[in-house]
Amino acid sequence: YYAAEYRLLNDGRMMLILTDISDEKVLQQHLAQERLRLEFVVNALENRDDLLATLRDFDTFRSRTLPDLLSFGAQADMVLAEIFRHVHTFKSLFAQANLPILPTVLHALETRLGQLRDQSQTIDFPAIQSVLASTELGSTLEQDIAILRDKLGAEYFSPDKEIRVSATRLQQVEANVNALCAQNAIAAATGAKIRDLIRQLRFEPLQKLMEPHFKAAEQLA
């Protein structure tokens, strides 16, 4: 990369000054990539359940939906339209989640599918399969997931899911436990343990309560 400057000289000639800015361009690209990776990790932390659900849906699309569509026996143009719709949807979802690589790859695939759809020739399944074979979705996705594994650890992908229960509902459960224990003296000891567990469900780590305010404090600063 070169930056070009022009200067008019007194004798009517013009001076051309070329400055090599390749290193500066490379640094800018590197910083942009790092910023995108950071945004991806932050979004993954803030929207874990949504991201994991989208990743599961995409894996289902790759492993089951796509093969089923190609072997369904329907008209090729209808299958192409359905594949195009899925690819466009996942491109948008992953772009919103700030994945660094996959949205660009899906956009390129969407473009090739659109070109195939808009051509004047008859669409057939070999042509669709040829376009799909030109893109390796699995390895591309793995590159993005590797960022989360590196920054957040493998436990980020654990199947544990947070379930929210209202305080009123917990109080009702605790009241039911108390009523059952009052009727059965033998179950009183077990009931006490259950009541303690129910009370602990109401507790939240202070760090979890404070963290949502960190970002707002940084923005205000």
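Preceding this paragraph is the structure being described.
Just so you know, these numbers come straight off a predicted model, no measurement behind them.

Conventions we followed
Residues numbered from 1 in each chain as written. Predicted model: local features only at pLDDT ≥ 70, side-chain atom pairs only at ≥ 80, totals over all residues. Heavy atoms only, no water. Helix = DSSP H or I, 4+ residues; strand = E, 2+ residues; numbered from the N terminus. Buried < 20%, exposed > 50% of the residue type's maximum accessible area, 1.4 Å probe, protein only. Contact = heavy atoms within 4.5 Å. Areas by Shrake-Rupley, 256 points an atom, 1.4 Å probe, with all protein chains shown as cover. Lys, Arg positive; Asp, Glu negative; His and termini not counted. Charge placed at Lys NZ, Arg CZ, Asp CG, Glu CD. Expected span 1.5 Å × (residues − 1). Arc of directions from axis to C-beta. Phe/Tyr/Trp six-rings, centres within 6.5 Å; stacked < 30°, edge-to-face > 60°. Lys NZ or Arg CZ within 6 Å of the ring centre and 35° of its normal. Pairing = 2+ DSSP bridges.

Q: Explain the overall build of the protein to me, and be specific about the residues and the numbers.
A: Helix and strand content of the protein: 9 helices and 2 strands. Written out in order from the N terminus, the α and β elements of the protein read β-β-α-α-α-α-α-α-α-α-α. Each principal axis of the C-alpha distribution contributes one length, and for the protein these read about 105 × 60 × 25 Å. Residues counted as buried form 26% of the 221 residues belonging to the protein. Here the analysis covers contacts within the protein between residues at least 6 apart in sequence; of these, 59% occur between residues at least 24 apart. About 15700 Å² of surface is accessible on the protein, with carbon and sulfur atoms providing 55% of the total. The distance from the centre of the 24 positive side-chain charges to the centre of the 30 negative ones in the protein is 6 Å.

Q: Summarise helix H3 (residues 76-96); cite the residues concerned and give the values.
A: Between the first and last C-alpha of H3 there are 30 Å, a value that for 21 residues agrees with the 30 Å anticipated at 1.5 Å per step. The complete set of buried residues in H3 reads Ala76, Val79, Leu80, Ile83, Phe84, His86, Val87, Phe90, Lys91 and Phe94. Angularly, the buried residues of H3 cover 165° about the axis, an arc narrow enough to put them on a single face. Seen from the buried face of H3, the exposed residues on the opposite side, beyond 90 degrees, are Met78 and Gln96. Here the buried face of H3 lies against helix H2 (48-70), helix H4 (102-118) and helix H5 (125-133). Looking one or two residues beyond H3, the residue adopting positive phi is Asn98, at roughly 65°.

Q: Break down the environment of Arg85 for me, citing the residues and quoting the values.
A: Within the secondary structure, Arg85 sits in helix H3. The exposure class of Arg85 is partly exposed, given its relative accessible area of 44%. Linking Arg85 and Glu110, residues 25 residues apart in sequence, is a C-alpha distance of 8.9 Å.

Q: Go over the packing of aromatic side chains, please, and point to the residues and values.
A: In total, this model carries 6 aromatic pairs according to the counting rule given. On the numbers, 6.1 Å between centres and 20° between planes, the contact of Phe90 with Phe94 is stacked. Taken together, the positions of Phe90 and Phe94, both in helix H3 and 4 residues apart, correspond to about one turn of that helix. For the pair Phe90 and Phe94, one class covers both residues: buried. By the ring-pair criterion, three or more aromatic residues cluster together here, those being Phe58, Phe61, Phe90 and Phe94. The ring of Tyr156 carries the charged tip of Arg48 above its face, separated from the ring centre by 5.7 Å.

Q: So what's going on with the pairing of strand S2 (residues 14-20)? Residues and values would help.
A: Where strand S1 (residues 2-8) meets S2, 7 bridges bridge the pair, whose relative direction is antiparallel. If you follow Tyr6 over to S2, its bridge partner there is Leu16. Turn length for the S1-S2 hairpin, with the two strands adjacent in sequence and antiparallel, is 5 residues, and the turn residue Gly12 shows positive phi of about 90°.

Structural measurements only, silent on function.
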